[in-house]
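# An overview of the molecular structure
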Amino acid sequence: MSPTAVVRSFQRLDARSLQLQVVQPALIGLIDGTISTLAPIFAAAYVSGSRASLLIGLASALGAAISMGLSEGLSDDGSLTGRGAAPTRGLITGAATFVGGFAHALPFLAGNVHTALAIAYPVVAAELVLIAVIRKRFQQVSLRQSLIQVTLGGTLVALVGVLLGHA
């Protein structure tokens with residue numbers, strides 16, 4: 001199926017179906033990818049430097065994408081819940097997980113770990129704000145509440161990575 005055909009098929013969905021079949025799987029992946037990969041990437045940065053963080057970030061993002069894609073695709077075939085086709089949801093979740101997990105590893109392309117960290121922290125902040133905005137837009141969660149929830153989760157996981165990286 002071409003990308004244009006995929007977009008057209010999503011445009012035909014009513015609001016509830018769009019929420020169940022596209023937004024929720026993408027949001028689940030984006031949240032998991034962003035938050036779950038923070039600890040290994042930041043721990044690696046403090047222990048081993050930029051190259052290790054980049055590779056661990058890529059490995060974490062790919063592993064999480066495969067795991068989340070399979071979990072979403074195998075958890076519900078969509079026939080009872082109306083959540084749509086399992087393979088489509090799995091692909092959406094997996095792709096969003098990868099994007100969320102790898103975006104804050106990209107700063108580690110910079111050879112200097114201090115420069116990479118100085119770039120990575122604002123990237124993580126932007127990712128968390130993006131998640132909060134998506135939740136506000138599609139799930140009618142207040143932006144303030146969403147920012148608190150998402151930032152708290154991200155901060156806790158990043159702190160685990162920083163603490164372990166300094167152990």
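Going by the structure above, here's the rest.
Predicted model, so just to flag it, every value in this text is computed and none were measured.

About the criteria used
- Residues numbered from 1 in each chain as written.
- Predicted model: local features only at pLDDT ≥ 70, side-chain atom pairs only at ≥ 80, totals over all residues.
- Heavy atoms only, no water.
- Phe/Tyr/Trp six-rings, centres within 6.5 Å; stacked < 30°, edge-to-face > 60°.
- Helix = DSSP H or I, 4+ residues; strand = E, 2+ residues; numbered from the N terminus.
- Buried < 20%, exposed > 50% of the residue type's maximum accessible area, 1.4 Å probe, protein only.
- Contact = heavy atoms within 4.5 Å.
- Salt bridge = Lys/Arg side-chain N within 4 Å of Asp/Glu carboxyl O.
- Axes fitted to C-alpha atoms, helices over the stretch in contact; angles between N-to-C directions.
- Left-handed = near helix turned anticlockwise from the far one by under 90°.
- Nonpolar A, V, L, I, M, F, W, Y, C, P; charged D, E, K, R; others polar.

## So, the packing of aromatic side chains
The full count for this structure, using the stated rule, is three aromatic pairs. Aromatic side chains phenylalanine 42 and phenylalanine 108 sit 6.5 Å apart centroid to centroid with 70° between the ring planes, which places their arrangement in the edge-to-face category. Separated by 66 residues along the polypeptide, phenylalanine 42 in helix α3 (residues 38–48) and phenylalanine 108 in the loop between α5 (86–102) and α6 (113–139) bring together distant segments of the chain. This pair shows no difference in class: phenylalanine 42 is buried, exactly as phenylalanine 108 is.

## Regarding the side chain of arginine 89
Note on placement: arginine 89 falls in helix α5. Once you skip the residues sitting within four places of it in the chain, arginine 89 turns out to touch Leu20, Gln21, Pro25, Glu72, Ser75, Asp76, Asp77, Gly78, Arg83 and Gly84.

## Regarding the pattern of salt bridges
A complete count under the given rule lists two salt bridges for this structure. Residue glutamate 72 is joined to arginine 83 by a salt bridge in which the shortest nitrogen-to-oxygen separation is 2.3 Å. With glutamate 72 in helix α4 (residues 50–75) and arginine 83 in the loop between α4 and α5, this residue pair connects regions lying eleven residues apart in the sequence. Judged by relative accessible area, which is 8%, glutamate 72 ranks as buried. What emerges from the salt-bridge pattern is a single network uniting Glu72, Arg83 and Arg89.

## Re the packing of α6 against helix α7 (residues 143–165)
Running from N to C, α6 and α7 point in directions that differ by 145°, and their axes come no closer than 9 Å. In terms of crossing hand, the pair formed by α6 and α7 is right-handed. Across the interface between the two elements, Tyr121, Leu128, Val129, Ile131, Ala132, Val133, Arg135 and Lys136 of α6 pack against Leu143, Ser146, Leu147, Gln149, Val150, Thr151, Gly154 and Val162 of α7. Split into classes, the residues belonging to the contact of α6 with α7 amount to ten nonpolar, four polar and two charged.

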